[in-house]
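Each chain is listed here by its residues.
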Amino acid sequence: MLLLLSRQVSLSLVRQVTHRSLISLSKTVFLKLRATTLSIRRCTVSVNATSQHLVTMPERRPFVRLPTDVYPVNYGLCLKPDLIDFTFEGKLEAAVEVRQGTNQIVMNCADIDIITASFAPEGGEGECVILVLVHDLAHVKGFYNNIHNPFFFVHLEINATGFNYQNEDEKVTLSFPSALQKGLGTLKIDFVGELNDKMKGFYRSKYATPSGEIRYAAVTQFEATDARRAFPCWDEPAIKATFDITLIVPKDRVALSNMNVIDRKPYPEDDSLVEVKFATTPIMSTYLVAIVIGEYDFVEGQTSDGVTVRVYTPVGKAEQGKFALEVATKTLPFYKDYFSVPYPLPKIDLIAIADFAAGAMENWGLVTYRETALLIDPKNSCASSRQWVALVVGHELAHQWFGNLVTMEWWTHLWLNEGFASWIEYLCVDHCFPEYDIWTQFVSADYTRALDLDALDNSHPIEVNVGHPSEVDEIFDAISYSKGASVIRMLHNYIGDEDFRKGMNAYLLKFQHKNASTEDLWDCLEQASGKPIAAVMNSWTKQMGFPIIVVDQEQVWWFPLRHSRINVCMIGEDCPSWMIPISICTSEDPSCSKIKVLLDQPESAVTIPNLGPDKWVKINPGTIGFYRIQYSSAMLESLLPGIRDLTLLPVDRLGLQNDLFSLSRAGMISTVEVLKLMEAFENEPNYTVWSDLSCNLGVLSSLLSYTDFHEEIQEFIRNLFTPIGLKLGWDSKPGEGHLDALLRGLVLGKLGKAGHKATLDEARRRFKQHVEGKQILPADLRSPVYLTVLKHGDSSTLDTMLKLHKQADMQEEKNRIERVLGAISAPELIQRVLTFALSDEVRPQDTVSVIGGVAGSSKQGRKAAWKFVKDNWEELHNRYQGGFLISRLIKLTVDGFAIDKMAAEVKSFFESHHAPAAERTVQQCCENILLNAAWLKRDAEDIHQYLVQRKVPPV
């Protein structure tokens, strides 16, 4: 499953350590690297002083996994949804194995009413002679003969005598009058349920027909633990079975499931319905079952090895599925070749769902998507949307092997699914679209996001022990996805591609159609590479946080050559230890690692031979190792020319700046030093580098909105971005490509929001022409223009934007408008936007981004958004029912506060308004608020002085 994880920048304070004085780098030779931790488990005194504001996580709820005395082999499942009354009827005939005699069957069940349940042992359909006690007769079907004779011929189908629902644990216990004996049998259950509006389980999704009529589709979303809301089942990933699915649906609707249709015939009880049967699935977990019933068009293609691929779209929009079809038909053969394992199903469908909480879901053979994650309009979709669709398709199709064919044993190993898919989606997109420079974008989108979150005391290890279902949603976050992807990227680099692929092939073949744990993957990769994979990776997956590598240099002469020696040691009390793959490059060849070492001891030393005095040294080329680096001031100074003349690779220019920004947030260096470094990027041409600069300046701008010199940071932004803005201009030029389009939109949006007058004037002119229909804005310019005119607009601007939203036929355009509405400045207009967020004009999953847009646009917006969330908490919490959207809403709303007392207010609110799936998020937000406040107190005056002084002309 792919979540919509935006880049959230956090900060932390590190353990105070005493650094030896750093030695000048005027003549390079002796490097000392010291690894320490970034706010792991303990904070500095300044954080402890305000610890009373932090939320204490409640104790884990007691939880026991399902007993294994009865185990499913095959689910024969028939569902009959009512798309008018929003209910469904279900019949389950499950072939089961009774492994140990019992008079109870415990299953998962939630929001379902069981009508009848019975059990028949294998062969029970015929006649056999058994001894039946008289008081049991009422529970045995089909008995006859003389009741005075203790021996009866019976049809063995035993009715359950009771259904005991354990609602908190989402279980039901079926009780039988006598013990079910070991062996095979059939469990039959008739049940009913509701097609809910919570975007989980078996739910209804609202859509409009081309004529404007409102109708509903019936769709499923089962990960993590919501198959139990559609049918009683053993809803744990390790309890796999095959599925034979039948759907009874209106004859004018499309009916889809994991497998291909094998029969479609009229339903005898109602001639308006048809009965659709699907082929038997491979053995698989319940969370991967999928059903969709609605009205759709499709485009179809085949992969080079004959797999049928269809992309289902809303009616009349089949053309918008062609890009995803192109990506999918390239991606399946790529994964087949990479894993050396064929795709095991005869078909795969990709379908756009109107109401959908996640980004997409990897159901085997039927992958469901938000419309914006699948549909591309050739004329009205922007470059970033095309890239997003390519990444999401790559992510979900990777799961067809890694997650579906081989499945995690339990949710503790969720990261194995999501981290791997979040890494290999980039490998796939790089293969299909090398012009995207996607690996550089990975560093900004995933690697730095993971470091930001993992810097907090309230982070968590990649592997988290999960028990109760309410705990599962908490770990669908940037640690499982982005840190997971980052450490796999580091591991891939450490092993090498050839051995990595060998290990992956061995893993998939050994565990196909089974379940596996993290250790199983390490074993296969260790055997393939001969390297200590488990020892290395356990230090990254079983503890939270990451090391900081502190680097300094001194000159050493070993006649007749200069050499550089690197010493490494861990410092700090109770400091966790990591096995750290370290790479080093020099200015002689910035693209090639001169030395690679595995730092597996508290202290280590390596030598770089024959290094000239005018050469610089760069740790972590490619920004692959999952750690931060703090250079001595002299070493940092020597790297600045590599930024200005672009000899440092883009990914390393980005990494250097991002490390410094993080260290300034942690209080290890002054924020002024980062601002000085940013000014070295005046000649920067790379989109992703600018994107990361923009993000960090956005964080700083938000922080300084709590001062009286906010305008000064806006001027700094205008000065930094104006040269690249003038160079790019407003209109695309011949020969430009994907990254140029992304860069132009980024820069113009940044300048417009910061109040650059020429940009504002041109945005208003183009917006007017667009609204009047004289010259429609190119898709890549719409977001920056909309943002700019709203930021500096009035009520008529907002009216116009809401009208454009209502008129938009494409969900991408609606979302584009929704994300920027919060930029409006006037308090009464902010309230209009917030009210709009909960209206029927906004799809339920998109309400979060509208409120988040308000909170992220200004100090006033954040305050208003927080009040709105509190005032409407019952409705919002009920809407999202504790899923990950509620965590996202909380984070977007409060994470940017920078006043100590707000941490206490947030804590107090959630102590009385429980949100079990967001408990960790609340902790992280409270911590971030305190750290924002500490950062502001520590650096605000120095930042102010620097911004004022740089405006003074030199004497």
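Residue numbers restart at each chain and count upward from 1, following the sequence in its written direction. Selection of residues for local features in this predicted model requires a pLDDT of at least 70, selection of side-chain atom pairs for listing and counting requires 80 or more, and totals for whole chains, interfaces and linings are taken over all residues. Side-chain numbers here rest on the full set of heavy atoms in the structure, without hydrogens or water.

1. With respect to the overall build of the protein chain
Link 1 in the chain: Of regular secondary structure, the protein chain possesses 27 helices and 33 strands.
Link 2 in the chain: Residue contacts are counted whenever heavy atoms from the two residues lie within 4.5 Å of one another. Sequence separation of 24 or more characterises 74% of the internal contacts of the protein chain that already satisfy a separation of 6 or more.
Link 3 in the chain: As presented, the protein chain carries roughly 35,300 Å² of accessible surface, and 51% of it is formed by carbon and sulfur atoms. Helical segments are the DSSP runs of H or I of at least four residues, strand segments are the runs of E of at least two, and each set is numbered from the N terminus. Exposure was quantified through the Shrake-Rupley algorithm and a 1.4 Å probe, taking into account, for residues, occlusion by the shown protein chains and nothing else.

2. Topic: the packing of helix H2 (residues 322-339) against helix H4 (residues 414-432)
Link 1 in the chain: Only C-alpha atoms enter the line fits that serve as axes; for helices the fit covers just the stretch in contact. Angles between N-to-C directions range over 0 to 180 degrees. Two elements in contact, H2 and H4, have axes separated by 10 Å at closest approach and are oriented at 115 degrees. Considering the angle they form, H2 stands roughly perpendicular to H4. With respect to the hand of their crossing, H2 and H4 are arranged in right-handed fashion. Only Phe 420, Trp 423, Ile 424, Glu 425, Leu 427, Cys 428, His 431 and Cys 432 of H4 make contact with H2, whose side of the interface consists of Lys 330, Thr 331, Phe 334, Tyr 335, Tyr 338 and Phe 339.
Link 2 in the chain: Here the residues of the contact of H2 with H4 are counted per class, giving ten nonpolar, two polar and two charged. For classification, angles of less than 35 degrees are called roughly parallel, those exceeding 145 degrees roughly antiparallel, those between 65 and 115 degrees roughly perpendicular, and all remaining angles oblique. In this scheme, a crossing is called left-handed if the near helix is turned counterclockwise away from the far one by less than a right angle; it is called right-handed if the turn is clockwise. Side-chain classes are defined by residue name, with Ala, Val, Leu, Ile, Met, Phe, Trp, Tyr, Cys and Pro counting as nonpolar, Asp, Glu, Lys and Arg as charged, and the others, Gly among them, as polar.

3. As for helix H20 (residues 811-820)
Link 1 in the chain: Burial analysis of H20 places nine of its ten residues in the buried class, which makes it a mostly covered element.
Link 2 in the chain: Residues Gln 811, Glu 812, Glu 813, Lys 814, Asn 815, Arg 816, Ile 817, Glu 818 and Val 820 constitute the buried set of H20.
Link 3 in the chain: Buried residues along H20 sit against helix H3 (383-399), helix H18 (779-791), helix H19 (795-807) and helix H22 (847-857). Accessibility here uses a 1.4 Å probe with only protein chains present; expressed as a share of the type maximum, an area under 20% marks a residue as buried, one over 50% as exposed, and anything in between as partly exposed.

4. Side note on the environment of Lys 859
Link 1 in the chain: Tracing the backbone through its elements, the reader meets Lys 859 in helix H23 (residues 859-871).
Link 2 in the chain: Look at Lys 859 and you get partly exposed, because its relative accessible area is 32%.
Link 3 in the chain: With 154 residues separating them in the primary sequence, Lys 859 and Ser 705 have C-alpha atoms 6.3 Å apart.
Link 4 in the chain: Ignoring sequence-local partners within four residues, the contact set of Lys 859 consists of Ser 705 and Tyr 706.

5. Some remarks on the pairing of strand E9 (residues 162-166)
Link 1 in the chain: Two elements, E9 and strand E10 (residues 171-180), share five bridges in a ladder whose sense is antiparallel. The residue bridging Tyr 165 from the neighbouring strand is Val 172, located in E10.
Link 2 in the chain: Criterion used throughout: strands pair if DSSP finds at least two bridges between them. The loop that links E9 with its antiparallel partner E10 comprises four residues; one of these, Glu 170, has a positive phi angle of about 55 degrees.

6. With respect to the UniProt feature "active site" (unreviewed entry) in the protein chain
Link 1 in the chain: UniProt positions are given in the numbering used here, feature names are shortened, and annotations may be inferred rather than shown by experiment. UniProt's feature table lists "active site" (unreviewed entry) at Glu 396, given in the numbering used throughout.
Link 2 in the chain: Relative to the elements of secondary structure, Glu 396 occurs in helix H3.
Link 3 in the chain: Polar contacts here mean pairs of N or O atoms no more than 3.5 Å apart (in protein, one a potential hydrogen donor and the other a potential acceptor; neighbouring residues in sequence count only if both atoms are side-chain atoms). Side-chain polar atoms of Glu 396 contact the backbone nitrogen of Glu 362, separated by 3.2 Å.

7. Things to note about the sheet that holds strand E15 (residues 254-257)
Link 1 in the chain: Pairing is antiparallel in the open sheet, where four strands are placed in the order E12-E13-E18-E15. The sheet is open, and its two edges are formed by strand E12 (201-208) and E15, each paired on a single side. Across the sheet, the axes of successive neighbouring strands diverge by a mean angle of 15 degrees, strand direction being ignored.
Link 2 in the chain: Sheet topology note: the strand E13 (residues 214-221)/strand E18 (residues 291-294) ladder contains two bridges and is antiparallel. Note that in E18 the partner of Ala 218 across the bridge is Ile 293.

8. Some words on the state of the cysteines
Link 1 in the chain: Throughout, a disulfide means two cysteine sulfur atoms within 2.5 Å of one another. Across all of its chains, the model carries zero disulfides by this definition.
Link 2 in the chain: We note that Cys 925 lacks a disulfide partner, and the nearest cysteine sulfur, in Cys 926, lies 7.1 Å from it.
Link 3 in the chain: On the accessibility criterion, Cys 925 (0% relative accessible area) is buried.

9. A look at the sheet that holds strand E20 (residues 308-313)
Link 1 in the chain: If you walk across this open sheet you meet the five strands as E19-E20-E21-E23-E22, and the pairing is mixed. Each having just a single partner strand, strand E19 (297-302) and strand E22 (360-361) make up the two edges of the open sheet.
Link 2 in the chain: Of the strand pairs in this sheet, E19 and E20 are connected by six bridges, and their pairing is antiparallel. Bridging across to E20, Val 299 finds its partner in Val 311.

10. Considering the pairing of E13
Link 1 in the chain: Pairing of E12 with E13 involves eight bridges; the strand directions are antiparallel. Within E13, the position partnered with Gly 201 by the bridge is Gln 221.
Link 2 in the chain: Counted between consecutive antiparallel strands, the loop separating E12 from E13 contains five residues, among which Gly 212 sits at a positive phi close to 100 degrees.

11. Some details on unusual backbone geometry
What is expected of a backbone is that most residues other than glycine have negative phi and most peptide bonds are trans.
Link 1 in the chain: The omega angle of the peptide bond from Glu 223 to Ala 224 is 10 degrees, so this bond is cis rather than trans.
Link 2 in the chain: Among the structural elements, Ala 224 can be located in the loop between E13 and strand E14 (242-250).
Link 3 in the chain: Of note in the backbone geometry, Asp 437 takes a positive phi value of approximately 50 degrees without being a glycine.
Link 4 in the chain: Position of Asp 437 relative to the elements: it lies in the loop between H4 and helix H5 (438-454).
Link 5 in the chain: Looking at Asp 437, the relative accessible area reads 24%, which means it is partly exposed.

12. What to know about the environment of Ala 855
Link 1 in the chain: For Ala 855, the location among the structural elements is in helix H22.
Link 2 in the chain: For Ala 855, a relative accessible area of 1% gives the class buried.
Link 3 in the chain: On a C-alpha basis, the gap between Ala 855 and Val 894 in space is 7.6 Å, while along the polypeptide they are 39 residues apart.
Link 4 in the chain: Those residues within four positions of Ala 855 in sequence are excluded, and the remaining contacts are Gly 861, Arg 862, Ala 865, Leu 892 and Thr 893.

13. Details of the environment of Pro 266
Link 1 in the chain: Within the secondary structure, Pro 266 is located in strand E16 (residues 261-266).
Link 2 in the chain: Sequence-wise, Pro 266 and Lys 251 are 15 residues apart; in three dimensions their C-alpha atoms are separated by 8.1 Å.
Link 3 in the chain: In contact with Pro 266, other than residues within four places in its own chain, are Leu 273, Val 274 and Glu 275.

14. Details of the side chain of Lys 317
Link 1 in the chain: Mapped onto the elements, Lys 317 comes out in the loop between E20 and H2.
Link 2 in the chain: Given the relative accessible area of 15%, Lys 317 is considered buried.
Link 3 in the chain: Each residue touching Lys 317, except ones within four places of it in the same chain, is listed here: Asp 297, Asp 809 and Met 810.

15. So, a negative patch on the surface
Link 1 in the chain: Here, patches come from residues exposed beyond 30% relative accessible area and free of salt bridges, joined within 9 Å for like charges and within 5 Å for nonpolar side chains (Val, Leu, Ile, Met, Phe, Trp, Tyr). By definition here, a salt bridge exists when the distance from a side-chain nitrogen of Lys or Arg to a carboxyl oxygen of Asp or Glu is within 4 Å. Counting rule for charge: Lys and Arg are taken as positive, Asp and Glu as negative, and neither His nor the chain ends is counted. A charge is said to be at NZ when it belongs to Lys, at CZ for Arg, at CG for Asp and at CD for Glu. A cluster of acidic side chains, namely Glu 89, Glu 269, Asp 270 and Asp 271, defines a negative patch on the protein surface.
Link 2 in the chain: Looking at the element boundaries, Asp 271 is found in the loop between E16 and strand E17 (273-278).
Link 3 in the chain: By relative accessible area, Asp 271 is classed as exposed at 65%.

16. Side note on helix H21 (residues 827-837)
Link 1 in the chain: Within the sequence span of H21, burial applies to Leu 829, Ile 830, Val 833, Leu 834, Phe 836 and Ala 837. One side of H21 holds all its buried residues, which, seen down the axis, span an arc of 160 degrees. Opposite its buried face, H21 presents the exposed residues Pro 827, Glu 828 and Thr 835, each directed more than 90 degrees away.
Link 2 in the chain: On the buried face of H21, the contacting elements are H19, H22, H23 and helix H24 (873-880). Picture the helix axis, draw a direction to every C-beta atom, and the arc is the one those directions span.

17. Examining the nonpolar core
The nonpolar side chains of a soluble globular protein tend to be buried, and buried together.
Link 1 in the chain: In this structure, Leu 174, Phe 231, Trp 234, Phe 339, Val 393, Phe 500 and Tyr 507 are the most contacted members of the largest nonpolar core, which totals 314 residues.
Link 2 in the chain: With residues up to four places along the chain from it excluded, the contact list for Leu 174 reads Asn 103, Gln 104, Ile 105, Met 107, Ile 114, Ala 117, Gly 162, Phe 163, Leu 187 and Ile 189. Grouping buried Ala, Val, Leu, Ile, Met, Phe, Trp, Tyr and Cys residues that are joined through side-chain atoms within 4.5 Å yields what is termed a nonpolar core.

18. Description of the layout of surface pockets
Link 1 in the chain: Of the voids in this model, the second largest pocket is the one considered here, and its volume is about 1,300 Å³.
Link 2 in the chain: Forming the boundary of the second largest pocket are 44 residues, of which Lys 206, Tyr 207, Ala 208, Asp 355 and Arg 843 lie nearest the centre.
Link 3 in the chain: For the lining of the second largest pocket, the elements supplying multiple residues, two or more each, are E12, E13, strand E21 (347-353), H19, H20 and H24.
Link 4 in the chain: Looking at the lining of the second largest pocket element by element, the count peaks at five residues for E12.
Link 5 in the chain: Classifying every residue of the lining of the second largest pocket by side-chain character gives 18 nonpolar, eight polar and 18 charged. Think of a 1 Å grid over the protein atoms and nothing else: a 1.4 Å probe that fits but is trapped marks a cavity, an open set flanked by protein within 12 Å on at least five of seven lines marks a pocket, and residues with an atom within 4 Å of a point count as lining. Grid points are joined across faces, edges and corners, and a volume is the space filled by probe spheres set on the points.

19. A few points about the side chain of Gln 811
Link 1 in the chain: Here Gln 811 is to be found in helix H20.
Link 2 in the chain: For Gln 811, the side chain forms a polar contact with the side chain of Asp 846, separated by 3.3 Å.
Link 3 in the chain: Ignoring any residue separated from it by four or fewer positions in sequence, one finds Gln 811 in contact with Glu 371, Thr 372, Arg 843 and Asp 846.

20. A closer look at the packing of aromatic side chains
Link 1 in the chain: Any two rings among Phe, Tyr and Trp, with Trp reduced to its six-membered ring, count as a pair given centres within 6.5 Å; such a pair is stacked if its planes are under 30 degrees apart, edge-to-face if over 60, and tilted if neither. Applying the stated criterion across every chain, the model contains 43 aromatic pairs.
Link 2 in the chain: For the ring pair Tyr 426 and Phe 442, a centre distance of 4.9 Å and an interplane angle of 90 degrees mean the geometry is edge-to-face. Taken as a pair, Tyr 426 in helix H4 and Phe 442 in helix H5 lie far apart in primary sequence, 16 residues in all. One exposure class covers both Tyr 426 and Phe 442, and it is buried.
Link 3 in the chain: Should the NZ of a Lys or the CZ of an Arg lie within 6 Å of a ring centre and within 35 degrees of the ring normal, that charge is described as sitting over the ring. The ring of Tyr 71 has Arg 99 lying over it, and the distance from NZ or CZ to the ring centre is 3.9 Å.
Link 4 in the chain: Taking the ring centre of Phe 63 as reference, the NZ or CZ of Lys 171 above it sits at 5.2 Å.

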